[in-house]
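Structure at a glance
Next come the chains, spelled out residue by residue.
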Amino acid sequence: MDGGSVNSHVREHAERYATVYEGRHPYSDCWQAAWGVAAWAYEEGNAEQLVAAIAEAMRLAMARDDVTVARLHIGSARDELWHWVGDALHGPGPVPGSLLWPMPTGPHAASWQRHFADAGTDEVRHMAGQVEDVLTALLRRTAERFPHAPATFGTALGQQENPVTGSMFFRLA
């Protein structure tokens with residue numbers, strides 16, 4: 001798939017997703033799930049950056065696999081940023097926010113802008129490494145806890161309602 005068709009595929013997925021899910025944005029749905037993962041895995045550093053990176057990996061993998069957050073395989077998201085960032089063997093990937101790497105839409109797009117569009121290649125590669133480490137650990141945990149279930153975000157995470165505010169959030173299952 002060339003860069004233009006990848007861009008088109010990501011945008012088309014976002015449009016279909018918004019139509020099917022009452023105007024919701026894939027990156028925003030990924031953002032909520034990413035907080036659940038980051039809250040479990042976070043040690044030190046920039047928590048919002050880790051959430052943004054996990055959410056971006058999920059958003060791009062959802063578009064490639066044409067699935068929802070719940071049906072997205074953790075391994076697909078784990079490796080996704082590396083496909084976009086590029087490497088020494090295949091050369092550099094597209095620049096985040098460029099025509100070839102489309103910026104997400106929705107309420108969390110500003111965070112994406114801060115952590116991706118304003119980042120250099122080395123910083124994006126660093127984020128890809130963090131995502132790989134965290135999602136590898138989540139993949140192992142999910143396989144241990146649910147050996148006969150698919151290793152998806154739907155298996156690994158549970159959605160819960162805050163009894164005080166009524167807002168929904170994700171936590172590890």
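A short tour of the structure in this document, coming up. Given the structure is predicted, the values throughout are model-derived calculations rather than measurements.

A word on the nonpolar core
Membership of the largest hydrophobic core comes to 47 residues, with the highest contact counts inside it found for I54, M58, L81, W101, F116, L135 and F153. Looking at this core, the elements with two or more residues in it are α1 (3–20), α2 (26–41), α3 (47–65), α4 (74–85), α5 (109–117), α6 (121–145), α7 (153–156) and β4 (168–172). The element best represented in this core is α3, accounting for 12 residues. Setting aside anything within four residues of it in sequence, one finds F116 in contact with A52, A53, E56, L81, P96, W101, V124 and M127.

Observations concerning the pattern of salt bridges
Counted by the stated rule, this structure contains seven salt bridges. The partner of R114 in a salt bridge is E48, with the nearest N and O atoms 2.4 Å apart. Remark: E48 occurs in helix α3 and R114 occurs in helix α5; sequence separation between them is 66 residues. A relative accessible area of 47% means that R114 is categorised as partly exposed. Accessibility expressed as a relative area gives 26% for E48, which makes it partly exposed. Among the charged side chains, a salt-bridge network with shared partners connects R64, D65 and E80.

Focus: the packing of α2 against α3
At their nearest, the axes of α2 and α3 sit 8 Å apart, and the two run at 130° to each other. As judged from the angle between their axes, α2 and α3 are oblique. Pair α2 / α3 crosses with right-handed handedness. Here α2 contributes P26, Y27, C30, W31, A33, A34, W35, V37 and A38 to the contact with α3, which in turn contributes A47, E48, L50, V51, A52, I54, A55, E56, M58, R59 and M62. Here the residues of the contact of α2 with α3 are counted per class, giving 17 nonpolar, no polar and three charged.

Some words on unusual backbone geometry
With glycine set apart, most residues show a phi of negative sign, and most peptide bonds adopt trans. Phi angles above zero are rare outside glycine, and E22 is one such case at about 50°. The residue E22 is located in the loop between α1 and α2 in this model. Accessibility expressed as a relative area gives 77% for E22, which makes it exposed. Residues other than glycine seldom take positive phi values, yet D66 does so here, at roughly 55°. Among the structural elements, D66 can be located in the loop between α3 and α4.

Comments concerning the packing of aromatic side chains
Using the criterion set out here, one finds six aromatic pairs in the structure. Aromatic side chains W101 and F116 sit 6.1 Å apart centroid to centroid with 50° between the ring planes, which places their arrangement in the tilted category. Of the two residues, W101 sits in the loop between β2 (91–92) and α5 while F116 sits in helix α5, which places them 15 residues apart along the sequence. Judged by its relative accessible area of 0%, W101 is buried. On the numbers, 5.5 Å between centres and 15° between planes, the contact of W112 with F116 is stacked. Of the two residues, W112 and F116 are both situated in helix α5; the distance of four residues between them amounts to about one turn of the helix. Neither W112 nor F116 differs from the other in exposure class; each is buried. Taken together, the ring pairs in this structure connect W84, W101, W112 and F116 into an aromatic cluster.

Rules used throughout
Residues numbered from 1 in each chain as written. Predicted model: local features only at pLDDT ≥ 70, side-chain atom pairs only at ≥ 80, totals over all residues. Heavy atoms only, no water. Core = buried A, V, L, I, M, F, W, Y, C linked by side-chain atoms within 4.5 Å. Buried < 20%, exposed > 50% of the residue type's maximum accessible area, 1.4 Å probe, protein only. Helix = DSSP H or I, 4+ residues; strand = E, 2+ residues; numbered from the N terminus. Contact = heavy atoms within 4.5 Å. Salt bridge = Lys/Arg side-chain N within 4 Å of Asp/Glu carboxyl O. Axes fitted to C-alpha atoms, helices over the stretch in contact; angles between N-to-C directions. Parallel < 35°, antiparallel > 145°, perpendicular 65-115°, else oblique. Left-handed = near helix turned anticlockwise from the far one by under 90°. Nonpolar A, V, L, I, M, F, W, Y, C, P; charged D, E, K, R; others polar. Phe/Tyr/Trp six-rings, centres within 6.5 Å; stacked < 30°, edge-to-face > 60°.

Worth remembering: the numbers are spatial, not functional.
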